[in-house]
Amino acid sequence: MALHFSGHGVKNTEENFGRSRLDEGDFLVFEDSHGVAHFVSCTELGRIIATSRCSLEFVFVASCHSSLVGDIFKNAGAKHVICIKRDEKILDDASITFAKTFYHAIFSGNRSICQAFETAKAQVRIDNRFPPGEENKFILLRDEEDLESSDFYSARSQEHRCQVLQLEDGEVKDVALVPTLQEIPACVDNFVGRHQSMHG
């Protein structure tokens, strides 16, 4: 099973969440059916995953400051996790470009996750809409059991090897809640002082 989360991530600091929650890891932002933000910490996410019976092959956490969240999924058994470095914010358009390129490479049937990851980074790198180095904010966490050797010292010197995914016909399932309030005002294009760069 694969899981893709696209949304906001918030770094856990005393300023953001207070001193009492500093040991909970960073947060992903979900929303309820009324559109109210619900912050889910790494600790809470770990508990949720522990009670589920899903076996995750691959996870993509497309949100700022998401490397600690990525570690939670990796430690839960996901073989590959794409996320964003902890101290970094990612531009929305860069994340979209990366995801489009990555999934196109995967669904072409001739690229492994690792190869698709490098292809997507290269696409972000050559896109002149993004500042230099934006592609380096994406990181890939891998299951070390996928290394050629289980021996610690020799494994470090050998390349990680993963296979091309054998995709089967299946069903895409959208489990998102339908918001109660569906009429969202349109974005005002000429709003004075509004920044063009939006971060997820």
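Each remark here, short or long, concerns the structure printed above.
Each chain has its residues counted from 1, following the order in which its sequence is written. Local features in this predicted model are restricted to residues whose pLDDT is 70 or higher, and side-chain atom pairs enter the listing and the counts only when it is 80 or higher, whereas totals over whole chains, interfaces and linings include all residues. As a rule here, side-chain values cover all heavy atoms of the structure and leave hydrogens and water aside.

Draft legend 1. Region of the structure containing the overall build of the protein. A run of H or I in DSSP counts as a helix once it spans at least four residues, and a run of E counts as a strand once it spans at least two, with each numbered from the N terminus. Assigned secondary structure in the protein consists of six helices and seven strands. Beginning at the N terminus, the succession of helices and strands in the protein can be written as β-β-α-β-β-α-β-α-β-α-α-β-α. Categorising residues by exposure relies on relative accessible area from a 1.4 Å probe, with only protein chains included: less than 20% of the type maximum marks a residue as buried, more than 50% marks it as exposed, and the intermediate range marks it as partly exposed. Across the 200 residues that make up the protein, the buried fraction comes to 34%. Only heavy atoms enter the contact rule, under which two residues are in contact if any of them lie within 4.5 Å. Of the contacts made within the protein by residues no fewer than 6 positions apart, 55% connect residues no fewer than 24 positions apart.

Draft legend 2. Molecular detail of the sheet that holds strand β4 (residues 37-41). Pairing between strands requires that DSSP locate at least two bridges from one strand to the other. Pairing within the open sheet is antiparallel, and its three strands lie in the order β2-β3-β4. Edge strands, defined here as strands with exactly one partner in the open sheet, are β2 (8-10) and β4. Taking the axes of each pair of neighbouring strands and ignoring which way they run, one obtains an average angle of 35° across the sheet. Inspection of the sheet shows β2 paired to strand β3 (residues 27-31) by three bridges, in the antiparallel sense. By the bridge assignment for β3, glycine 9 is matched with leucine 28. Those strands touched by helix α2 (residues 42-51) are β3 and β4, and its axis lies near 80° from that of β4. Between the N-to-C directions of two axes lies an angle of 0 to 180 degrees, each axis being a line fitted to C-alpha atoms and, for a helix, fitted only over the stretch in contact.

Draft legend 3. Main features of the packing of aromatic side chains. Pairing of aromatic rings covers Phe, Tyr and Trp, the last counted by its six-membered ring, and requires centre-to-centre distances within 6.5 Å; plane angles under 30 degrees mean stacked, over 60 mean edge-to-face, and any other angle means tilted. A complete count under the given rule lists 13 aromatic pairs for this structure. Between phenylalanine 98 and phenylalanine 138, the aromatic rings sit 4.0 Å apart at their centres with planes inclined by 10°, giving stacked as the arrangement. On the criterion of sequence distance, the pair formed by phenylalanine 98 in helix α4 (residues 92-107) and phenylalanine 138 in strand β7 (residues 138-142) is long-range, its members being 40 residues apart. What makes phenylalanine 98 buried here is its relative accessible area of 0%.

Draft legend 4. A look at helix α5 (residues 113-126). Expected helix span is given by 1.5 Å per residue-to-residue step, counting one fewer step than there are residues. A rise of 1.5 Å per residue sets the reference length of α5, with its 14 residues, at 20 Å; its end C-alpha atoms lie 20 Å apart and thus fit the reference within 8%. Looking at the buried residues of α5, the elements they touch are β5 (58-62), β6 (80-84), α4 and β7.

Draft legend 5. Highlighting the environment of leucine 140. Looking at the secondary structure, you find leucine 140 in strand β7. In this structure leucine 140 comes out as buried when scored by relative accessible area, which is 17%. A C-alpha to C-alpha distance of 8.7 Å links leucine 140 and isoleucine 84, two positions 56 residues apart in sequence. The contact partners of leucine 140, leaving out residues within four places of it in the chain, are His80, Val81, Ile82, Ile113, Cys114 and Phe117.

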